[in-house]
Amino acid sequence: MNTTTRILTGAIASSLLLAGTAQAEREDWPQNFTVGTASQGGTYFVYGSGWANLVADQLGVSGGGEVTGGPTQNLALVQSGDVAFGLTTMGPAADAVEGKSPLAPGVKMDNVCALFPMYETPFSIAALSSSGITSISEIPDGARIGFGPAASTSDTYFPAILEELGVNFERRNGGWSDLGGQLQDGLLDVVAFAAGIPIPAVSQLEVQTDVNIIEFTEEEQQQVLDKFPVSAFSIPASTYTTLDHDARAVSMWNFAIGGCDLPEDFVYEVTKVTMENNDKMQSVHRSAATSIPENIQYNTVLPFHPGAVRWYEENGYEIDPKLVKQ
């Protein structure tokens, strides 16, 4: 055997070994996966379905988004293994790990791991311009307010926020598209949205009718910040054609989650695809501009999956050891 032959033989053997190793790793991967999102017409559905398609295309594994009740239900679905991945917000996540989820009272969800940061969810309010409602204080007593799907982040926190601000209302639930249609048809007075911006249902409303985006006053914002696990936020005027100035609001961070029992190498590759293709993520939904590794700091309650931790640490991002799933 001459030198050239030996080199070629060695190269082929190495390639086969690497292929065999990759194949062995993939044997533990799920044959398909589902991402728990939320109702159609909301940002979660668009973001989650698009993310699922990106991962499926890049990794060659069948996957897709699924309509759910939103963050609180997604935590329960990931915990039980009914879906591999889901999208959630930090408020419901904190409740879940403490055993305070309204869907599973007393059950501390220990099979839910964080993967990557998504974006902040602003709490925003919309009414038809014809209603004359231009501020929270002008929402009439007994107003019919849509709060999104039952047990969603919006439905969990927004009613309490408005009660804190002295609003008396009749509570309604439903998907964002449906509630937007009810608002347009006069069946609702207000829709209280908690979703990534721009909210598809609001953008659609703007095309069809005149809408008021109702902002918090400085005093209302501070009152809510003092009472709830939210942060100050400003909705950029460029978000909606209706806005002529940045609108004061509050927000809560969102993270993608996965079952802690998912194979480490699989989650590593999922994290790699997501974090290294932000341009493609932004083509899914522009809120993904903040779906970057620098924002892992905003998760302080969920353990990170070991596969995700491996990618972050390889790329120079530190994870608090207390937040690494053992």
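Residues numbered from 1 in each chain as written. Predicted model: local features only at pLDDT ≥ 70, side-chain atom pairs only at ≥ 80, totals over all residues. Heavy atoms only, no water.

*Asks:* Quick question: what am I supposed to make of the pattern of salt bridges here?
*Replies:* Side chains that differ in charge, positive against negative, can pair when their charged atoms come close. Considering all chains together, one arrives at eight salt bridges under this definition. For K100, the salt bridge identified is with E98, shortest N-O distance 3.4 Å. Overall, the relative accessible area of 55% leaves K100 in the exposed class. (Salt bridge = Lys/Arg side-chain N within 4 Å of Asp/Glu carboxyl O. Buried < 20%, exposed > 50% of the residue type's maximum accessible area, 1.4 Å probe, protein only.)

*Asks:* Just to check I follow, could you spell out the side chain of T153 for this structure?
*Replies:* Here T153 lies in helix α5 (residues 153-164). The contacts of T153, once residues within four sequence positions are left out, are P71, T89, P92, F123, F158 and M252. (Helix = DSSP H or I, 4+ residues; strand = E, 2+ residues; numbered from the N terminus. Contact = heavy atoms within 4.5 Å.)

*Asks:* Where do I start with helix α7 (residues 200-208) in this structure?
*Replies:* It helps to recall that an α-helix has 3.6 residues per turn; residues three or four apart then point in one direction. The complete set of buried residues in α7 reads A201, V202, L205 and E206. When α7 is viewed along its axis, its buried side chains cluster within an angular range of 140° and face the same direction. (Arc of directions from axis to C-beta.)

*Asks:* Would you take a moment to explain the packing of aromatic side chains for this structure?
*Replies:* Aromatic ring pairs: the centre-centre distance and the angle between the two ring planes describe each pair. Under the counting rule described, the total for this entry stands at 16 aromatic pairs. With a centroid separation of 6.4 Å and an interplanar angle of 55°, the aromatic rings of F33 and F266 are classed as tilted. Taken together, the positions of F33 in strand β1 (residues 32-36) and F266 in helix α9 (residues 264-275) put the pair 233 residues apart, joining distant regions of the chain. The burial state of F33 is the same as that of F266; both residues are buried. (Phe/Tyr/Trp six-rings, centres within 6.5 Å; stacked < 30°, edge-to-face > 60°.)

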